Amino acid sequence: MDLNRSMSIEAEPYPYEFVPARSALLIIDMQRDFMEPGGFGEMLGNDVAELRRTIEPNRKLLAAWRAAGLQVMHTREGHRPDLSDLPTTKKVRGHSKTSIGDPGPMGRILIRGEAGHDIIPELYPLPNEPVIDKPGKGAFFATDLHAILQNRGIKQLLVTGVTTEVCVNTTVREANDRGYECLVPADCVGSYFPEFQEMGLKMIKAQGGIFGWVSDSTHILAALANGLTVGV
Ligand code: C5J
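Summary of the structure given here. What you are looking at is a predicted structure, and each value in this text was computed from that prediction instead of being measured.

1. A word on the packing of helix 7 (residues 164–177) against helix 8 (residues 194–209)
Part 1 of the argument: One way to put it is that helix 7 packs onto helix 8 with a least axis distance of 10 Å and a crossing angle of 10 degrees. Considering their axes alone, helix 7 and helix 8 lie roughly parallel with respect to each other. Contacts from Thr-164, Glu-165, Asn-169, Val-172 and Arg-173 in helix 7 reach Phe-196, Gln-197, Gly-200, Leu-201, Met-203 and Ile-204 in helix 8.

The following block contains the structure:
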């Protein structure tokens, strides 16, 4: 595949043109505590099945993206063990009996280094794939993501992961304001709340693609397969 040759992906509100060499797959917060039965997400009363349906499409997309030799980055939401980067407002929000930093089902909740904070085995990062540890919802806030993307010449992002209306949406908005073009495959992002899934995607592609484009992993896989054929 010629990584500098522009490709087109079927998307809404109109086709997404992308140059593979300038694109990265950014997988947001596919962490055990959000995704796995028995984790923090489920402990709060959420149905993790709503998120787990995204694992298989993400796994296929990741495999194809890696096979094409393209760049992959991952994020994890979490905090330092001493909680020095955790705003009190975030700690107390929701008045939950158990909150960030407390002992949870998979170690201290959303604390770096704990089992629940790590990425699910199905999508585990390879050693050459940067993992961005972020204290907020957006992946650009208080991280070196923008610097890494700039140093690698990345201008376009395929954003997948969880949750659609929180960390995915916030990251897409941050990226858009920094001049990146974002494509979100609907089957690779998930929310605990079906109505937020729908509206979270609608908000991205509304008004001529105000924050980006929405597609489906099958269209991305088709474009990659087509690129491999054309490139030989
Ligand atoms: C993410 C959250 N990753 N919902 N976090 O969306 O708190």
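More follows now that the structure is in view.
2. As for the pattern of salt bridges
Part 1 of the argument: Taken as a whole and assessed by the stated rule, the structure comprises 13 salt bridges.
Part 2 of the argument: Here Arg-76 makes a salt bridge to Asp-118, at a shortest N to O gap of 3.0 Å. Of the two residues, Arg-76 sits in strand 4 (residues 71–77) while Asp-118 sits in the loop between strand 6 (107–108) and strand 7 (131–134), which places them 42 residues apart along the sequence.
Part 3 of the argument: Via salt bridges that share partners, Arg-76, Asp-118 and Asp-133 belong to a single interconnected network.

3. Looking at the site of the ligand
Part 1 of the argument: Asp-29, Phe-34, Glu-77, Lys-137, Val-162, Thr-163, Val-166 and Cys-167 make up every residue found near the ligand.
Part 2 of the argument: The separation between a nitrogen atom of the ligand and a polar main-chain atom of Val-162 is 3.1 Å.
Part 3 of the argument: The backbone of Cys-167 places a nitrogen or oxygen atom 3.1 Å from an oxygen atom of the ligand.
Part 4 of the argument: Relative to its unbound accessible surface of 230 Å², the ligand loses 85% to contact with the protein.

Cut-offs used in this document
- Position numbers for residues start from 1 in each chain and track the written sequence from start to end.
- Local features in this predicted model are restricted to residues whose pLDDT is 70 or higher, and side-chain atom pairs enter the listing and the counts only when it is 80 or higher, whereas totals over whole chains, interfaces and linings include all residues.
- Neither water nor hydrogens contribute to the side-chain values; these are computed over all heavy atoms in the structure.
- Only C-alpha atoms enter the line fits that serve as axes; for helices the fit covers just the stretch in contact. Angles between N-to-C directions range over 0 to 180 degrees.
- By definition, any uninterrupted DSSP run of H or I lasting at least four residues is a helix, any uninterrupted run of E lasting at least two residues is a strand, and each is numbered from the N terminus.
- Roughly parallel means an angle under 35 degrees; roughly antiparallel means over 145; roughly perpendicular covers 65 to 115; every other angle is labelled oblique.
- Residue contacts follow a heavy-atom distance rule, with two residues in contact if any of their heavy atoms lie within 4.5 Å.
- Salt bridge, as used here, is a side-chain nitrogen of Lys or Arg placed within 4 Å of a carboxyl oxygen of Asp or Glu.
- Throughout this document, a residue counts as near a molecule or strand when at least one of its heavy atoms sits within 4 Å of that molecule or strand.
- What qualifies as a polar contact is a pair of N or O atoms within 3.5 Å, subject to a donor-acceptor requirement within protein and to the restriction that residues adjacent in sequence count only when both atoms come from side chains.
- Per-residue accessibility takes into account occlusion by the displayed protein chains alone, with areas from the Shrake-Rupley method and a 1.4 Å probe.

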